[in-house]
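An overview of the molecular structure
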Amino acid sequence: MIAMVESAEQEGEILKWDAEDRPLVPDTPVIPYIEGDGIGPDIWAATRDVLDAAVAAAYSGRKRIVWREVLVGKKAQTVYGEDHPLPRESLDTIRTYGIAIKGPLTTPVGGGFRSLNVALRQVLDLYACVRPVRHMPGVPSPVVHPEQVDVVIFRENTEDVYAGIEFEAGSEESDKIIELLKSFGKNPREKSAIGIKPISEVGSKRLVRMAIRYAIENNRKSVTLVHKGNIMKFTEGYFKSWGYELAKEEFRDYIVTEEETWEGDSAEGKILINDRIADSMFQQILLRPDEYDVIATPNLNGDYLSDAGAAQVGGLGLAPGANVRDDVALFEATHGTAPKYAGQDKVNPSSVLLSGVMMLEHMKWKEAAELVTHALEKTILQKKVTYDLARQLDGVDPVKASEFGDAIISNL
Ligand code: NAP
C-alpha cells in the first residue's frame, strides 16, 4: 500500500518498505533534496535536470520524481536563524521519506556542530557509508590500469575513533582516564591526549550484513573484511571475527570463507568471504584491484581507503557516495563546497550526479540509472568536460557545469 502525501502544494507518493527494509517505490515518489552550500546550487541544478530527463526517457513519462527541498546549512540558517543549520523539521522529513540526496555543506566554524555531515549521519544513525569506486573510460587517472578497479566500499560510520570520544591533553578527563588505565596495569604517558576506539558486535555485524546483502543482490563475487586486527585485537580483530560469524550464521547457503576453500570447498556460485589487513589492502587495491569486489571495514580504514580508491579512478570530483541505514538512504556528493568556485557554474557535477545514479539503483529504477551512466561516459569521451578534467587533457577547453549537464542530456 502506498500512501499519498497530504499536502496542498505537494503531489507525489511516499515510499513504503518491505519486510526486509527494501524500498517499495511508487511511480511518483517524493524525494527530498538538500541543495548544499557553496557550489551546491550549481552542481544540483545540473544534476536534477539530468536525473529528470533520464527518468522521463527511461519510462516514457510513466515515472517521475517529485522533488521536495529540505533546508540544511546556510539556507536553513537564513530561515530558522544562525543557531539552526540542521533543523529538526529537515531531519524528520528525511526520516519520513526514507531517501534523500544532498550537495556539500559548509562545516560551521566555532560552536555547535563539529561537522554538519557527521551530525546528519549520527542523528539519523546512517551506519554505513557506501562508496562505489569504478573507472569511467576517458577519465585521466594516475594508475596504468584504472579499468581494473570496480569495488564497493562499505565503511562503518558511527563507531571507531570517529565516535567523538576524545579528550584534550592535560584536561581533567584525560588525567582521570590515565589514572584509571594505570589501575589496569597500562602505562600511557602523563598528560597525553586520549581518544577512545569503541567497536561493537552490533555495529560490526549490521555493517557486514549490509555488505553481504549487497553482494548477493548485485551478483558480486566476494566480500573482503578489511581490519587492523593484528595490532588492535579486541577492536579491529573482533570486527573481523564478528564479520565471519555473521556471514556463517545468516548467509550460510550463499557464502564460502577463504579458509574453507583452502580446505577444499568450492567457491563456485558462492560469495567468497575473506579478510585483509588494512595496510596490505592499500597495496592490493593498487597491485591486484581486479581481485577485490565488495569491502566492509571500520570507520577510519574506510575513510582512507575510499579516498585512496577515488584517487585511483580520477579523484573526488567524480566519486559518488551514500550514507545508509536499513530504512533511510542519504545520497551525497563526496567533495566539499569549494567556496572559491561558488556561483560560477564551473565545477564538475559528476559526484552528486553519480550519487543520483546510486539512488536510482537503490530505487530499482535501473533503466534510468544505466541511461545516466552511459550518457555521462559518452560525454566524457567526447571531451565535453568541466575545468577539472579539461586541465588534465591536452587541448581541451572546459565547458560550464550547466553545459556539461546539457551535453549529458543530449547523450541520453
Ligand atoms: P572541497 O570543497 O572539496 O574543495 C577542494 C578542492 O577540490 C577544490 O578547490 C577543487 O580543486 C576540488 N573540487 C571540489 N569539488 C569539486 C568539483 N565538484 N569539481 C571540480 N573540482 C572540485 O574541500 P575544502 O575546500 O577543504 O572544503 C570546503 C568546505 O566544504 C569546508 O567547509 C568543508 O568542511 C566542507 N566539506 C564538506 C563535505 C560534505 O559536505 N560532504 C566534504 C568535504 C568538505 P581545485 O582548487 O584544484 O580546482
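Check the entry above for the structure.
First things first, this report covers the structure right here in the doc. Quick caveat: nothing in here was measured; it's all calculated off a predicted structure. (Residues numbered from 1 in each chain as written. Predicted model: local features only at pLDDT ≥ 70, side-chain atom pairs only at ≥ 80, totals over all residues. Heavy atoms only, no water.)

Some points on the overall build of the protein
Scanning the protein for helices and strands turns up 14 helices and 15 strands. Radius of gyration (C-alpha) of the protein: 22 Å, near the 22 Å computed for a compact globule of 412 residues. For the protein, the spread of C-alpha atoms along the principal axes amounts to about 65 × 60 × 55 Å. Classification of the 412 residues of the protein by burial places 51% in the buried group. Residue pairs at least 24 apart in sequence account for 71% of intrachain contacts in the protein once pairs closer than 6 positions are excluded. Between the averaged position of the 47 positive side-chain charges in the protein and that of its 64 negative side-chain charges there is a distance of 2 Å. (Helix = DSSP H or I, 4+ residues; strand = E, 2+ residues; numbered from the N terminus. Rg over C-alpha atoms; globule rule 2.2 N^0.38 Å. Buried < 20%, exposed > 50% of the residue type's maximum accessible area, 1.4 Å probe, protein only. Contact = heavy atoms within 4.5 Å. Lys, Arg positive; Asp, Glu negative; His and termini not counted. Charge placed at Lys NZ, Arg CZ, Asp CG, Glu CD.)

Observations regarding unusual backbone geometry
The bulk of non-glycine residues show a negative phi, and the bulk of peptide bonds are trans. Look at Lys191: it is not a glycine, yet its phi comes out positive at around 60 degrees. Here Lys191 shows up in the loop between helix 5 (172-183) and strand 9 (194-195). Although it is not a glycine, Ala338 sits at a positive phi angle of roughly 30 degrees. Position of Ala338 among the secondary structure elements: in the loop between strand 15 (328-333) and helix 11 (350-362).

Some remarks on the site of the ligand
As a matter of local geometry, the ligand sits amid 21 residues, with Thr107, Gly336, Ala338, Tyr341 and Tyr387 nearest to it. In the environment of the ligand, an oxygen atom lies 2.8 Å from a nitrogen or oxygen atom belonging to the side chain of Lys340. Note that an oxygen atom of the ligand is positioned 2.7 Å from one of the side-chain N or O atoms of Tyr341. For the ligand, whose free accessible area comes to 880 Å², the fraction covered by protein is 67%. (Near = heavy atom within 4 Å. Polar contact = N/O pair within 3.5 Å; in protein donor to acceptor, adjacent residues only side chain to side chain. Areas by Shrake-Rupley, 256 points an atom, 1.4 Å probe, with all protein chains shown as cover.)

Observations regarding helix 10 (residues 299-312)
If you check helix 10, its first and last C-alpha atoms are 20 Å apart, about what 14 residues at 1.5 Å a residue would give, namely 20 Å. Those residues of helix 10 that fall on the buried side of the exposure criterion are Asn299, Asn301, Gly302, Leu305, Ser306, Gly309, Ala310 and Gln312. Looking straight down helix 10, one finds that the buried residues subtend no more than 150 degrees of arc, so they occupy a single side. On its buried face, helix 10 is in contact with strand 6 (128-134), strand 7 (150-156), strand 10 (222-227), helix 7 (236-250), helix 9 (278-287) and strand 13 (294-297). Downstream of helix 10 by a residue or two, Gly314 has a phi angle that is positive, lying close to 130 degrees. (Expected span 1.5 Å × (residues − 1). Arc of directions from axis to C-beta.)

As for the packing of helix 1 (residues 40-59) against helix 11
What describes two packed helices is the angle between their axes and the distance between those same axes. Interaxial distance between helix 1 and helix 11 falls to 9 Å at its minimum, and their mutual angle equals 35 degrees. Crossing of helix 1 over helix 11 shows right-handed handedness. For the pair helix 1 and helix 11, the contacting residues are Ile43, Thr47, Val50, Leu51 and Val55 in the first and Val352, Leu353, Gly356 and Leu360 in the second. The residue inventory of the contact of helix 1 with helix 11, partitioned by class, reads 7 nonpolar, 2 polar and no charged. (Axes fitted to C-alpha atoms, helices over the stretch in contact; angles between N-to-C directions. Left-handed = near helix turned anticlockwise from the far one by under 90°. Nonpolar A, V, L, I, M, F, W, Y, C, P; charged D, E, K, R; others polar.)

Section: the pairing of strand 10
Across the 6 residues that make up strand 10, a large majority, 6, are buried. Across the two faces of strand 10 the burial is the same, with Ser222, Thr224 and Val226 and Val223, Leu225 and His227 all buried. As defined by bridge partners, strand 10 adjoins strand 12 (residues 271-277) across 6 bridges and the pair is classed as parallel. Pairing of Ser222 across the sheet is with Leu272, part of strand 12. Across 3 bridges, the pairing between strand 10 and strand 13 is parallel. Paired with Thr224 across the bridge in strand 13 is Ile295. (Pairing = 2+ DSSP bridges.)

Notes on the nonpolar core
Ranked by size, the top nonpolar core spans 74 residues in total, and within it Ile65, Trp67, Ile212, Ile273, Met359, Leu360 and Met363 carry the most contacts. Excluding residues within four positions of it along the chain, Leu360 makes contact with Leu51, Val55, Ile65, Trp365, Lys366, Ala368, Ala369 and Val372. Formed by 15 residues, the second largest nonpolar core is a distinct cluster that contains Ile34, Ala100, Leu120 and Leu124. (Core = buried A, V, L, I, M, F, W, Y, C linked by side-chain atoms within 4.5 Å.)

Focus on helix 4 (residues 116-123)
Within helix 4, burial applies to Leu116, Asn117, Ala119, Leu120 and Arg121. Of the surrounding elements, those touching the buried residues of helix 4 are strand 3 (30-34), helix 3 (88-97), strand 5 (99-102), strand 14 (320-325) and strand 15. N-cap assignment for helix 4: the residue whose side-chain oxygen lies 3.2 Å from the backbone N of Asn117 is Ser115. Immediately downstream of helix 4, the backbone of Asp125 shows phi near 50 degrees, a positive value.

Thoughts on the environment of Val396
Looking at where Val396 falls in the secondary structure, it is placed in the loop between helix 13 (387-390) and helix 14 (401-410). For the pair Val396 and Lys383, spaced 13 residues apart in sequence, the C-alpha separation works out to 6.9 Å. Those residues in contact with Val396, other than ones at most four positions away along the chain, are Lys383, Val385 and Ala390.

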